[in-house]
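Here is what each chain is made of, one letter per residue.
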Amino acid sequence: MQSYVLRLDQVGMNDVDKVGGKNASLGEMIQELSGAGVQVPNGFATTADAFRDFLQHSGLEQRIHDVLSQLNTDDIQALTQTGKEVRQWILDAEFQPELDQAITAAWQELAGGNDQLAVAVRSSATAEDLPDASFAGQQETFLNIRGLSAVKHAIREVFASLYNDRAISYRVHHGFEHSEVALSAGIQRMVRSETGSSGVMFTLDTESGFNHVVFITSAYGLGETVVQGAVNPDEFYVYKPTLKQGAPAIIRRTLGAKAIKMVYAEEAKGSHAVETVPVSMEERQRFSINDTEVQQLARIAIEIEKHYGRPMDIEWAKDGDTGELLVVQARPETVKSRSSQTVIERYLLKETSTVLAEGRSIGHRIGSGAVRIVHDISEMDRLQPGEVLVTDMTDPDWEPVMKRAAAIVTNRGGRTCHAAIIARELGIPAIVGCGDVTDRLRDGQLITVSCAEGDTGRVYEGKLDFEHQSSCVESMPPLPFDIMMNVGNPDRAFDFQALPNAGVGLARLEFIINRMIGIHPKALLNYDTQPPMLQQTIDRRIAGYSNPVDFYVDRLVEGISTLAAAFYPKKVIVRMSDFKSNEYSHLIGGDAYEPVEENPMLGFRGAARYISESFRDCFELECRALKRVRDEMHLTNVEVMVPFVRTPGEARQVVELLAAHGLKRGENGLRVIMMCEIPSNALLAEQFLEHFDGFSIGSNDLTQLTLGLDRDSGVIAHLFDERNEAVLKLLSMAISACRAQGKYIGICGQGPSDHPDLARWLMEQGINSVSLNPDSVLDTWFFLANDKV
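Conventions we followed
Residues numbered from 1 in each chain as written. Predicted model: local features only at pLDDT ≥ 70, side-chain atom pairs only at ≥ 80, totals over all residues. Heavy atoms only, no water. Pairing = 2+ DSSP bridges. Helix = DSSP H or I, 4+ residues; strand = E, 2+ residues; numbered from the N terminus. Axes fitted to C-alpha atoms, helices over the stretch in contact; angles between N-to-C directions. Contact = heavy atoms within 4.5 Å. Expected span 1.5 Å × (residues − 1). Buried < 20%, exposed > 50% of the residue type's maximum accessible area, 1.4 Å probe, protein only. Arc of directions from axis to C-beta. 1 Å grid on protein atoms, 1.4 Å probe; cavity = no way out; pocket = protein on both sides within 12 Å on 5 of 7 lines; lining within 4 Å. Points joined across faces, edges and corners; volume = space filled by probe spheres on them. Nonpolar A, V, L, I, M, F, W, Y, C, P; charged D, E, K, R; others polar.

1. Some details on the sheet that holds strand β30 (residues 769-772)
Phase 1 of the analysis: With parallel pairing, 8 strands are arranged side by side around a closed barrel as β23-β24-β25-β26-β27-β28-β29-β30. The sheet shows a mean angle of 30° between the axes of neighbouring strands, taken without regard to direction.
Phase 2 of the analysis: Where strand β23 (residues 482-486) lies against β30, 4 bridges are found, and the strand directions are parallel. Directly across from D482, in β30, lies its bridge partner S769.
Phase 3 of the analysis: Lying over the sheet, helix α16 (residues 509-517) contacts β24 (503-508) and β25 (571-575), oriented at roughly 55° with respect to β24.
Phase 4 of the analysis: Seen against the sheet, helix α27 (residues 725-741) touches β27 (672-676), β28 (694-697) and β29 (744-747) and runs at an angle of roughly 155° to β28.

Structure below.
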C-alpha cells in the first residue's frame with residue numbers, strides 16, 4: 001500500500017515519476033522551505049503505480065490505447081466523443097482493493113477524526129511542468145471536498161481528466177505518448193481563502209520576460225476564478241533587488257474589477273462543492289490584499305525561485321480566518337524563461353483606425369482576421385484557421401482549437417489565467433478582460449488585434465498593415481558616446497530595457513500624469529470644493545487609494561519607479577511635468593484652473609509654472625514622488641530635469657525650490673539637469689550652468705524658437721529642420737560650454753531619431769549621449785557604427 005499512497009511530506013523533486021511534478025513540488029517545499037517562511041498545506045498523493053495498476057485492474061489500459069491510437073485530434077467532433085467515452089469508462093471503474101484501502105488509511109490520518117475536513121483534490125501528471133512544456137490546467141481540480149466517499153469520487157474524476165479533450169490534444173501536439181503520462185491525485189487541506197483572497201504569481205514579468213520583478217495577481221475567494229480567467233484580478237509588480245534591501249518595493253498596482261468570487265457551496269454535492277457569487281461594489285473598489293501582504297508574497301516567491309534555480313509560476317492563497325499566506329502550487333515558468341534574450345522581436349502597427357475594444361494584452365504580437373464569436377465550448381469547432389476567436393472567456397479545454405486562431409479576444413480574464421499561458425506558449429496575440437467585446441463585435445467583421453502598445457491591448461477596426469522585425473543584439477558595435485532612450489510609457493519599460501541602451505535620457509512625467517492619473521492636481525488638492533458630479537468622477541478614478549492627493553503621488557511614484565527599476569542601475573532622467581496650459585486644462589477638472597492662452601507653447605509652462613504661487617503646491621507633489629522613489633525606494637538612478645527655463649533668475653529659483661522639497665543637488669548623488677531648448681539657454685550657457693549639473697538639449701523647441709516656427713502648423717512644417725545652420729550653431733555653443741566645465745551634455749529631442757546624420761554630427765561635436773525613440777535605437781546605432789568604420 002506504501003507504493004500506492006504517499007504523504008506529501010514524504011516526497012520531493014526526485015519523485016516526479018511517482019507523484020507528478022505538482023505533488024513532488026509541494027512535498028519539496030514542505031520539506032525544504034518551511035524554515036524560509038514558505039507555508040504549504042499538508043496532505044497525501046496517490047502514485048503513478050496506483051494509476052497504472054488501476055487501469056490494468058479495470059481492463060482499461062488496452063481499450064484506451066486502441067481508441068486513442070486511431071484518433072485524429074484535429075477532428076474536434078471525434079476528439080470530443082472519444083474523450084467523453086474514455087472518461088466515462090474510468091468513472092465507472094472500481095479501485096483495486098489495495099488502492100481503496102490505502103486512500104482510506106491516508107484520509108483517516110489527515111482528517112484526524114474530522115470526517116468533514118475540507119480538502120482540495122488536484123491532478124499532478126508525471127510529464128507535467130517539465131521545463132520545456134506547460135501542462136498548466138490540463139487536468140481537473142476539485143475544491144471543498146468533504147467526506148471519504150466524496151474524496152474517492154473526486155480522485156476518480158482526476159484520473160479521468162487525464163483524457164480531457166485538451167489533454168489528449170496537447171500530448172499529441174507536443175509529441176508525448178499517452179501511455180508515457182500517468183496521473184497522481186493530490187489531496188490537500190483547503191486554505192480558507194473563500195473568506196480571504198488568492199491568486200497567481202510569477203517570478204518574472206510574463207509579457208517581457210524581465211526577471212527582476214515578481215508579478216502578482218489577486219482576487220477575492222478561492223483561486224480558481226483567477227486561474228480560469230473568470231475574473232479580472234488586481235495586479236502588482238514588486239522589484240526584487242530593493243525588496244531584498246528591505247525597502248518599499250511595490251512599483252506598480254492595477255485595480256481589477258473582481259466582479260465575482262468562488263466560495264464554498266451551501267449544499268456541497270460530490271465534486272460540485274463550490275459556487276460563484278457577486279462581490280460587493282465596496283470590496284471591488286479596494287485592493288484584495290494590502291501592501292504588506294504583496295511584499296510578503298513576493299518574498300515567498302523569491303525563496304521558491306532561489307530553491308528551484310529557475311523562474312516559477314506559483315498559486316497562493318490567503319486564509320481569511322488566520323490571515324496566513326500559503327502556497328498551494330509551484331511549477332516552472334515555461335514560456336518567457338525559454339525565449340532568447342539576444343533576439344529582439346518587434347511588432348509595429350503601420351496605421352491605426354477606430355478602437356473597438358481595449359483589455360489586458362498578452363504577448364507583444366499583432367494579429368488580424370475575421371471575427372468568430374464562440375459562446376461556449378460546444379461551438380468551438382466553428383472557429384476556422386486564421387479567424388479571431390472572440391468569446392466570454394476561454395479555459396484550457398479550448399486548447400485544441402486555440403492554435404487555429406490568428407488572435408484571441410475575451411470579455412473576462414487576467415494575465416495569469418491558463419488561457420493566457422497557453423496563448424503565450426502558442427505565440428498567439430490575446431487581449432483579455434475587455435468587458436463586453438462579444439456584444440460589440442460581429443461575426444465576419446475584419447479586425448486587427450494589437451498587443452504591441454504596452455499593457456493595454458487594442459482591437460482596431462479593419463485589417464491594418466503592420467511590420468514584424470527581428471534583430472540580434474548579442475554584440476553591439478562600440479560607439480564613442482552613449483545611446484539612451486526617450487521612454488514616457490511605464491507600460492513598455494520592461495520591453496524597452498532589453499534593447500541595447502545606456503539608460504533613459506528623457507522620461508516624461510506628463511505622460512505618466514496623462515496615462516495613469518488623468519486628473520488635474522488642483523482638482524485633487526481641492527477635492528472638497530469640487531462639484532458633486534466631478535467628485536464622483538474622481539472617486540471612480542482613485543478607487544483603491546486612501547485619498548485624492550495620495551492617489552496623485554502614489555501613481556507618480558509607480559510610474560517613475562517602474563521606469564527606474566526597469567533600467568537600474570543605469571540613469572533615468574525624469575523631466576518634471578511640461579504640460580502647456582491647454583494640455584493641463586484637458587485633464588479632469590483642469591479647465592477651472594488653467595488660463596486660456598493664445599499661444600500656450602510660449603506661455604505658462606516649465607520653470608515659470610513651478611515657481612508661481614498658483615502652481616507651487618502641485619509642483620510639491622511631483623517633488624514628493626521623486627524624493628520617495630530616490631530616498632525610500634532606494635532607486636537613486638533617478639535624476640531630475642527641469643524644462644523651459646527662460647532666465648538664469650528662474651533657474652536659481654527653481655533649484656532652490658527643489659532643494660526646499662528635499663531634492664538638493666549633490667545630496668544622495670542627485671544630479672539636476674536643465675533642458676536646453678530656448679536660444680537664451682545656449683547664448684547664456686555659462687550662467688545657466690551655475691545652477692545645473694548639465695544640459696539635455698530639446699531640439700524640437702530649440703528649432704522652432706530659433707527659426708520662429710510653430711512646429712504644430714502644417715502650413716510651414718516643411719521649414720522645420722533641426723539641421724539648420726542657426727540651430728547647429730546654438731547646439732555647438734551648448735556642447736562646448738558643458739564640455740568646458742566637465743558637465744553632462746546630451747540630447748533628447750526628436751532630431752537624432754529622425755536624422756541619423758544629425759546624430760553623427762553630434763558624435764563629432766563630442767556630445768555625451770544621444771537619447772532616441774526606442775523604435776530607432778537599433779537602426780541609428782548600426783548607422784553610426786558603420787559610418788564610424
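2. Examining the sheet that holds strand β5 (residues 183-189)
Phase 1 of the analysis: Within the open sheet, the 5 strands sit side by side as β1-β2-β5-β3-β4. Their pairing is antiparallel. Only two strands of the sheet have a single partner each, and these edge strands are β1 (5-7) and β4 (141-145). The sheet shows a mean angle of 20° between the axes of neighbouring strands, taken without regard to direction.
Phase 2 of the analysis: The sheet strands contacting helix α1 (residues 16-32) are β1, β2 (43-46), β3 (119-125) and β5, and the helix crosses β3 at an angle near 130°.

3. Some remarks on helix α4 (residues 76-92)
Phase 1 of the analysis: Relative to the 24 Å expected for 17 residues at 1.5 Å per residue, α4 spans 24 Å between its end C-alpha atoms, a close match to the ideal helical length.
Phase 2 of the analysis: I76, L79, T82, G83, V86, W89 and I90 are the residues of α4 that are buried. One side of α4 carries all its buried residues, which in axial view fall inside an arc of 155°. Among the exposed residues of α4, those oriented more than 90 degrees off its buried face are Q77, Q81, K84 and D92.
Phase 3 of the analysis: Buried residues in α4 make contact with α2 (48-57), α3 (61-69), α6 (148-160), α7 (165-173) and α12 (399-402).

4. Section: the environment of V449
Phase 1 of the analysis: When you line up the elements, V449 lands in strand β20 (residues 446-450).
Phase 2 of the analysis: It is 6.6 Å that separates the C-alpha atoms of V449 and A407, two residues lying 42 residues apart in sequence.
Phase 3 of the analysis: Those residues within four positions of V449 in sequence are excluded, and the remaining contacts are R365, I366, G367, V388, A407, V409, P429, I431 and R458.

5. So, the pairing of β24
Phase 1 of the analysis: Counted residue by residue, β24 has 5 buried out of 6 residues, so it is predominantly covered.
Phase 2 of the analysis: Here β23 runs beside β24; their pairing, made up of 2 bridges, is parallel. Its bridge partner lying in β24, M485 is registered against V504.

6. Looking at empty space enclosed by the protein
Phase 1 of the analysis: Counting across every chain of the model gives 5 cavities of 30 Å³ or more.
Phase 2 of the analysis: As for the largest cavity, its lining consists of 19 residues, of which R122, S193, G223, A317 and V328 are closest to the centre.
Phase 3 of the analysis: Sorting the residues of the lining of the largest cavity by element identifies β3, β5, β6 (197-202), α8 (224-228) and β12 (312-318) as the ones contributing at least two each.
Phase 4 of the analysis: Size it by volume and the second largest cavity reaches roughly 110 Å³.
Phase 5 of the analysis: Contributing to the lining of the second largest cavity are 16 residues, with D205, R415, D455, D491 and F494 lying nearest its centre.
Phase 6 of the analysis: Broken down by class, the residue content of the lining of the second largest cavity amounts to 3 nonpolar, 6 polar and 7 charged.

The analysis is restricted to geometry; functional conclusions fall outside its scope.
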